[in-house]
Amino acid sequence: MTFHKTCLALAITLSMAATAQAADAIKIGVSGPFTGGSSSMGVSMRDGVRLAVQEVNAKGGVLGRQIELIERDDEAKNERGVQIAQELINREKVVATVGLINTGVTLASTRFYQNASIPAIVNVATGSVVTQQFLPPKYEHNYVFRMSAADNIQAPMIAAEAVTKRGFKKVAIMADSTNYGQLGREDMEKALEKLGVKPVVVEKFNIGDVDMTAQLLRAKEAGAEALLTYGIGPELAQLANGMAKLGWKVPLIGSWTLAMANFIDTARANGDGALMPQTFIQNPNTPKRKAFIDAYVQTFKPKHDRIESAVSAAQGYDSVLLLAAAIEQAGDTKGDGIRAALENLQKPVEGVIMTYKAPFSASDHETIDGPDLVYMGEVSKGRVVFAHPEDEQRSVANAGQSAQ
């Protein structure tokens, strides 16, 4: 009798252990700058990720398991990003990671995910080379995917807005000294060259600079009709404020970061009219977008009910939906299976940026593969709106839904 009881107890214990193992959470890393000058991007992205995970888990998770986020603040520092990548891979045993905001941090850390065969979905970094580092045939497989619009898409849009749409022939470029700023500047110069325009001046500034008077004066004296920028929000606000002090009123057209709250709130009225490419604008023009915006505002209560970096939040949110669909399709959490599924998603995934239909392939790891999926935003009275009516119409069409 005792023997049978012992066997029964052992069987129950083993069954419970197997059930517990089957129900173990799926660990996904999420890293970005949650403090410092880039935190508008990092926190918005993280909160978008959190919102998507909350929704996925509420519906039963993935493969019958809940998703667990392992969050780390990389402080926008390359060396910190490298430490986090190694920690998430070796200690936390994540099956994939999302996040990766700053181009420099992304370039420094993605090689660790690549070497470990762990998919890394880049939610925000836009440096054109980010997804090009590990291409076949040099590497058998590429584990780096991207949600954001690369600079080689954004820069031509900026150039076209200034030269083609507005007819400016004299433009100045001002870019920060980071990898992001300088790689973007290179893409901008190439885009202008294709339009037959050479910038009258090309200037540089550093993170933390608060006075760009000398650079602005050189651009003004060179007769620049527009100022094209590549940098992060706080410093861009100093450019707008510096232009106002000089009484120099020319259009400010730059990369997507001109939409960030730390630009808008620091520049105030001086930022009105700034133009920038956007993959997502906080406009509830479809049911899915309205639900996302309402849930984000209700959950995280951002100032003025305005998402600090709507692009970052939306790209973070959609990255989780794509990753969850890939894990479900793969049927397990092995890196090779997730990567292969991402490269060949069988079912459409309804996100807030668009409805994704096979967004990746083995040779193309960009969800945004052209300017048709990007829109020109404009700062107006403390918010970002569509700069052109046709862009809003196109955004609704790309969502695959009817307008509200």
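Not measured: the values here are computed from a predicted model.

**Let's talk about the overall build of the chain**
1) Next: Along its length, the chain carries 13 helices and 14 strands.
2) Next: Its C-alpha radius of gyration of 23 Å places the chain within 12% of the 22 Å reference for a compact globule of 404 residues.
3) Next: Counting only C-alpha atoms and orienting by the principal axes, one finds that the chain spans roughly 100 × 45 × 35 Å.
4) Next: When each of the 404 residues of the chain is scored for burial, the buried share is 56%.
5) Next: Residue pairs in contact within the chain that sit at least 24 positions apart in sequence constitute 71% of those at least 6 positions apart.
6) Next: Looking at the chain as shown, the accessible area adds up to about 16,900 Å², and 52% of this sits on carbon and sulfur atoms.
7) Next: Distance between charge centres in the chain, computed from 41 positive and 44 negative side chains, equals 2 Å.

**Some remarks on the pairing of strand E3 (residues 96-99)**
1) Next: Side chains Ala-96 and Val-98 project from E3 onto one buried face, and the interleaved Thr-97 and Gly-99 project onto a second face that is buried too.
2) Next: One ladder, built from four bridges, connects strand E1 (residues 26-32) with E3; its direction is parallel. When the sheet's bridge partners are listed, Gly-29 is paired in E3 with Thr-97.
3) Next: As paired elements, E3 and strand E4 (residues 120-122) share three bridges and run parallel to each other. Directly across from Gly-99, in E4, lies its bridge partner Val-122.
4) Next: After leaving E3, the chain enters helix H4 (residues 103-115) and then returns to the sheet as E4, a path that is right-handed.

**Structural notes on the packing of helix H10 (residues 287-300) against helix H11 (residues 310-330)**
1) Next: H11 packs onto H10 with a crossing angle of 110° between their chain directions and a minimal axis gap of 12 Å. Comparing their axes, H11 and H10 come out roughly perpendicular. Across the interface between the two elements, Lys-288, Phe-292 and Tyr-296 from H10 touch Ala-313, Ala-314, Tyr-317 and Leu-321 from H11.
2) Next: A class-by-class count of the residues in the contact of H10 with H11 yields six nonpolar, no polar and one charged.

**Quick look at the sheet that holds E3**
1) Next: Strand order in the open sheet formed by five strands is E2-E1-E3-E4-E5, with parallel pairing between adjacent strands. Two strands in the sheet have a free side with no partner beyond their single neighbour: strand E2 (67-73) and strand E5 (144-146). Taking the axes of each pair of neighbouring strands and ignoring which way they run, one obtains an average angle of 25° across the sheet.
2) Next: Each of E1, E3 and E4 is contacted by H11, which is oriented at about 165° to E3, the strand it contacts most.

**Remarks on the nonpolar core**
1) Next: Residues Leu-192, Leu-228 and Phe-292 are the most contacted members of the largest nonpolar core, which totals 81 residues.
2) Next: For this core, the element with the most residues is H11, which contributes 12 residues.
3) Next: With residues up to four places along the chain from it excluded, the contact list for Leu-228 reads Ile-158, Ala-162, Val-171, Ala-172, Ile-173, Met-174, Met-188, Leu-192 and Ile-253.
4) Next: In this structure, Leu-216, Val-250, Leu-252 and Leu-258 belong to the second largest nonpolar core, which totals 29 residues.

**Examining the UniProt feature "domain: Leucine-binding protein" (unreviewed entry) in the chain**
1) Next: In the numbering used here, UniProt assigns the feature "domain: Leucine-binding protein" (unreviewed entry) to residues 26-380.
2) Next: For residues 26-380, helix accounts for 42% and strand for 16%, while the C-alpha atoms at its two ends are 42 Å apart.

**Remarks on the environment of Leu-228**
1) Next: Locating Leu-228 in the fold gives a position in strand E8 (residues 226-230).
2) Next: Overall, the relative accessible area of 0% leaves Leu-228 in the buried class.
3) Next: With 115 residues separating them in the primary sequence, Leu-228 and Tyr-113 have C-alpha atoms 34 Å apart.

**Some details on the pattern of salt bridges**
1) Next: Under the definition given, this model contains 18 salt bridges.
2) Next: In this structure, Arg-166 engages Glu-161 in a salt bridge whose closest nitrogen and oxygen atoms are separated by 2.9 Å.
3) Next: Since its relative accessible area comes to 37%, Arg-166 is described here as partly exposed.
4) Next: A salt bridge links Glu-203 to Arg-218, with the shortest nitrogen-to-oxygen separation between them at 2.7 Å. Here the residue Glu-203 occupies a position in strand E7 (residues 201-205), and Arg-218 occupies one in helix H7 (residues 213-221), the gap between them amounting to 15 residues.

**Some thoughts on empty space enclosed by the protein**
1) Next: Evaluation of the coordinates by the stated rule reveals four cavities of 30 Å³ or more.
2) Next: If you add up the space inside the largest cavity, you get close to 130 Å³.
3) Next: Lining the largest cavity are 15 residues; nearest its centre among them are Gln-282, Arg-306, Ile-307, Ala-310 and Val-384.
4) Next: Those elements that provide at least two residues to the lining of the largest cavity are helix H9 (261-267), H11 and strand E14 (383-386).

**Side note on helix H12 (residues 335-342)**
1) Next: Every buried residue of H12 is accounted for by Gly-335, Ile-338, Arg-339, Ala-341 and Leu-342. Down the axis, H12 shows its buried residues gathered within 165° of arc, on one side only.
2) Next: Check the buried side of H12 and you find it contacts E4, E5 and H11.

**What about the environment of Ser-39?**
1) Next: Within the secondary structure layout, Ser-39 lies in helix H2 (residues 39-58).
2) Next: On a C-alpha basis, the gap between Ser-39 and Asp-73 in space is 9.4 Å, while along the polypeptide they are 34 residues apart.
3) Next: Here Ser-39 is in contact with Pro-33, Phe-34 and Ser-44, once residues within four sequence places are set aside.
4) Next: At a separation of 2.8 Å, a polar atom in the side chain of Ser-39 contacts the main-chain carbonyl oxygen of Gly-36.

Cut-offs applied
Residues numbered from 1 in each chain as written. Predicted model: local features only at pLDDT ≥ 70, side-chain atom pairs only at ≥ 80, totals over all residues. Heavy atoms only, no water. Helix = DSSP H or I, 4+ residues; strand = E, 2+ residues; numbered from the N terminus. Rg over C-alpha atoms; globule rule 2.2 N^0.38 Å. Buried < 20%, exposed > 50% of the residue type's maximum accessible area, 1.4 Å probe, protein only. Contact = heavy atoms within 4.5 Å. Areas by Shrake-Rupley, 256 points an atom, 1.4 Å probe, with all protein chains shown as cover. Lys, Arg positive; Asp, Glu negative; His and termini not counted. Charge placed at Lys NZ, Arg CZ, Asp CG, Glu CD. Pairing = 2+ DSSP bridges. Right-handed = clockwise from strand over helix to strand, strands pointing away. Axes fitted to C-alpha atoms, helices over the stretch in contact; angles between N-to-C directions. Parallel < 35°, antiparallel > 145°, perpendicular 65-115°, else oblique. Nonpolar A, V, L, I, M, F, W, Y, C, P; charged D, E, K, R; others polar. Core = buried A, V, L, I, M, F, W, Y, C linked by side-chain atoms within 4.5 Å. UniProt positions renumbered as here; feature names shortened; annotations may be inferred. Salt bridge = Lys/Arg side-chain N within 4 Å of Asp/Glu carboxyl O. 1 Å grid on protein atoms, 1.4 Å probe; cavity = no way out; pocket = protein on both sides within 12 Å on 5 of 7 lines; lining within 4 Å. Points joined across faces, edges and corners; volume = space filled by probe spheres on them. Arc of directions from axis to C-beta. Polar contact = N/O pair within 3.5 Å; in protein donor to acceptor, adjacent residues only side chain to side chain.

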